[in-house]
Amino acid sequence: MDAADEQRFREFVSARSPALMRLGFLLTGGDQHAAEDLVQTALAKLAAKWRRVEAPEAYAKQIMYRQQISWWRAGTRRGEVVQAALPEPAERDLNHQSELRMVLRSALARLTARQRTVLVLRYFEDLPEQEVARALGCSVGTVRSTAHRSLARLREIAPELAQELEVAK
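Only a predicted model underlies this, so the values are computations on that prediction, with no experimental measurement involved. In this numbering scheme, every chain counts its residues from 1 along its sequence in written order. Where local features are concerned, this predicted model is filtered to residues with pLDDT of at least 70; where side-chain atom pairs are given and counted, the filter is 80 or more; whole-chain, interface and lining totals use all residues. Excluding hydrogens and water, the side-chain figures rest on all heavy atoms present in the structure.

J.: Please give an account of the overall build of the protein that cites residues and values.
T.: A run of H or I in DSSP becomes a helix once it reaches four residues, and a run of E becomes a strand once it reaches two; helices and strands are each numbered from the N terminus. Counting its regular elements, the protein contains eight helices and zero strands. Beginning at the N terminus, the succession of helices and strands in the protein can be written as α-α-α-α-α-α-α-α. Throughout this description, buried means an accessible area under 20% of the type-specific maximum (1.4 Å probe, protein chains only), exposed means over 50%, and partly exposed covers the range between. Going through the 169 residues of the protein one by one, you find that 38% of them count as buried. For the protein, the accessible area works out to roughly 10,300 Å², and carbon and sulfur atoms hold 50% of it. The Shrake-Rupley method, run with a 1.4 Å probe, gives the accessible areas here. Residue values count only the displayed protein chains as cover.

J.: I'd like a rundown of helix α2 (residues 32-48), residues and numbers included.
T.: To estimate the expected span of a helix, subtract one from its residue number and multiply by 1.5 Å. With 17 residues, α2 should cover 24 Å at 1.5 Å per step; its first-to-last C-alpha distance of 25 Å lies within 8% of that length. Here the buried face of α2 lies against α1 (3-27) and α3 (56-73). Contact between two residues is taken to exist if any of their heavy atoms lie within 4.5 Å; hydrogens are not considered.

J.: Which residues make up the packing of aromatic side chains, and what are the values?
T.: For Phe, Tyr and Trp, where Trp contributes only its six-membered ring, two rings pair if their centres lie within 6.5 Å, and the inter-plane angle classes them as stacked under 30 degrees, edge-to-face over 60, or tilted in between. In the structure shown here, the tally under the stated rule is two aromatic pairs. A centroid spacing of 5.2 Å and a plane angle of 80° characterise the contact between Phe9 and Trp50, whose relative ring orientation is edge-to-face. With a gap of 41 residues between them, Phe9 in helix α1 and Trp50 in the loop between α2 and α3 connect regions that are remote in the sequence. Since its relative accessible area comes to 13%, Phe9 is described here as buried. Overall, the relative accessible area of 12% leaves Trp50 in the buried class. Geometrically, the ring pair formed by Phe12 and Trp50 is tilted, given 5.7 Å between the ring centres and 50° between the ring planes. Placement of the pair is Phe12 in helix α1 and Trp50 in the loop between α2 and α3, with a sequence separation of 38 residues. Taken together, Phe9, Phe12 and Trp50 form an aromatic cluster joined through their ring pairs.

J.: Run through the nonpolar core, naming residues and quoting values.
T.: Joining through side-chain atoms within 4.5 Å is the link that ties buried Ala, Val, Leu, Ile, Met, Phe, Trp, Tyr and Cys residues into a set, and such a set is a nonpolar core. If you look at the biggest cluster of nonpolar residues, it comprises 30 residues, and the most contacted ones within it are Leu27, Leu43, Leu46, Met64, Tyr65 and Leu121. Secondary-structure elements contributing two or more residues to this core are α1, α2, α3, α5 (113-124), α6 (129-136) and α7 (140-157). With seven residues, α3 is the single largest residue contributor to this core. Ignoring sequence-local partners within four residues, the contact set of Leu43 consists of Phe9, Phe12, Val13, Ser17 and Leu20.

Function cannot be read off these values alone, since they describe shape.
Written out as structure tokens, the structure reads:
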């Protein structure tokens with residue numbers, strides 16, 4: 001990588017790292033360290049092919065999807081994510097969105113890696129079922145059934161998310 005390519009890569013990393021970290025955080029179920037590992041792996045692989053990649057962000061995301069799949073297929077356990085109990089909010093209206101994010105994060109952490117990955121790709125990344133199936137190396141039917149079961153599990157784990165999950169139906 002020459003100096004100009006290195007500068008463009010550094011600019012890309014600076015600009016897109018926060019978004020990639022958010023994606024990594026969701027894919028790993030809220031495990032900050034695993035998310036950092038996922039982003040670091042993706043950026044290292046992207047750097048190696050920087051000159052040949054036309055859409056670096058899409059390429060980095062694809063690496064992250066596949067790496068996360070490799071981790072859960074290999075049965076790599078990252079340990080439990082410890083979370084403190086949520087305090088009662090003083091004013092529900094002011095804290096409602098923050099509370100929902102915390103409940104969702106906790107609920108996502110309780111799903112399997114495959115369920116979480118399907119939901120993140122399908123609803124956070126807003127990918128069509130065909131693209132999710134291609135990214136995960138499975139059929140469209142598997143994506144549909146996994147998404148359906150995952151949303152049902154989220155409703156079971158966190159009934160307070162029921163109204164928000166109805167939008168995803």
